[in-house]
Structures are given as C-alpha cells and as structure tokens.
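Commentary on secondary and tertiary structure
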Amino acid sequence: LRDWNEEFQSAREMPVESLLDRIDRARMIHKLLTEFGEASMIGAKAIFDGHVTPMNPNEPTRSHVYLHNNIFFSRAVDAGVDTFKITQGDKAARKSASRDASC
C-alpha cells in the first residue's frame, strides 16, 4: 500500500533552486495528485458498492468511517451535536467538505 502522506511530503521537499528543479517538483506533485484522485474515486465507488467494511460497523450508518488503499473516508455530515445547526446541518457539512476537496 502507498503511503500518500509520505509521498506528498517528499515531493513538497524537492529542491526548487533552478527552473528545472521547480518543473520536476511540479510534475511529481501533479502526478501524485492525479493518482491520489483516481485512488480516491475507486475507493469511494468501492464503499458505495458495499465492497469495503466500515471501521466502526456498530455505529450508525451516517457515522461510518472507512480505510481503503491507505485513504481515510468519512461522510460529509453534521456529526457533532449540531455543529453546523445555524448553517443548515448536513448541507453545510457537505459544502465544507467539498471546499476541502477542491483545495
């Protein structure tokens, strides 16, 4: 299994002194982001299709968390005690998560 965090950190620590260094670093980061995105989509589909068992099967479905290909998955829901109550609960949690994913 890949250690995504280690790979991202290594890529970020690549030298940036010359133009060629910066290009190599950018290529590596782009490659990792692309591969991570693909692995995330595969994992999300596997979870949706029921092929991945939740790490906490005794909890309510909305609280299930998953680990697939060293990627942690959870639902974008208002999991706390009305954490997002003022801003429409689950809808606000999903919007917050979508903004995290687009960064």
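Keep in mind the model is a prediction, meaning the values are calculated, not measured. (Residues numbered from 1 in each chain as written. Predicted model: local features only at pLDDT ≥ 70, side-chain atom pairs only at ≥ 80, totals over all residues. Heavy atoms only, no water.)

**Observations concerning the overall build of the protein chain**
What the protein chain contains, in helices and strands, is 3 helices and 2 strands. Mapped in sequence order, the helices and strands of the protein chain form the string α-α-β-β-α. Residue burial in the protein chain is summarised as follows: out of 103 residues, 21% are buried. Within the protein chain, residue pairs in contact and separated by at least 24 positions form 34% of the contacts whose partners lie at least 6 positions apart. Carbon and sulfur atoms make up 57% of the accessible area of the protein chain, which amounts to about 7800 Å² in all. (Helix = DSSP H or I, 4+ residues; strand = E, 2+ residues; numbered from the N terminus. Buried < 20%, exposed > 50% of the residue type's maximum accessible area, 1.4 Å probe, protein only. Contact = heavy atoms within 4.5 Å. Areas by Shrake-Rupley, 256 points an atom, 1.4 Å probe, with all protein chains shown as cover.)

**Thoughts on helix 1 (residues 4–12)**
All of the buried residues in helix 1 are W4, F8 and A11. Each buried residue of helix 1 lies within a common arc of 65° when the element is viewed along its axis, so the set occupies one face. Elements that come into contact with the buried residues of helix 1 comprise helix 2 (19–48) and strand 2 (71–74). (Arc of directions from axis to C-beta.)

**With respect to the side chain of N56**
Along the chain, N56 falls in the loop between helix 2 and strand 1 (65–68). Polar contacts involving the side chain of N56 include one to the main-chain carbonyl oxygen of S63, which spans 3.0 Å. There is a polar contact of 3.0 Å between the side chain of N56 and the backbone nitrogen of V65. With residues up to four places along the chain from it excluded, the contact list for N56 reads S63, H64 and V65. (Polar contact = N/O pair within 3.5 Å; in protein donor to acceptor, adjacent residues only side chain to side chain.)

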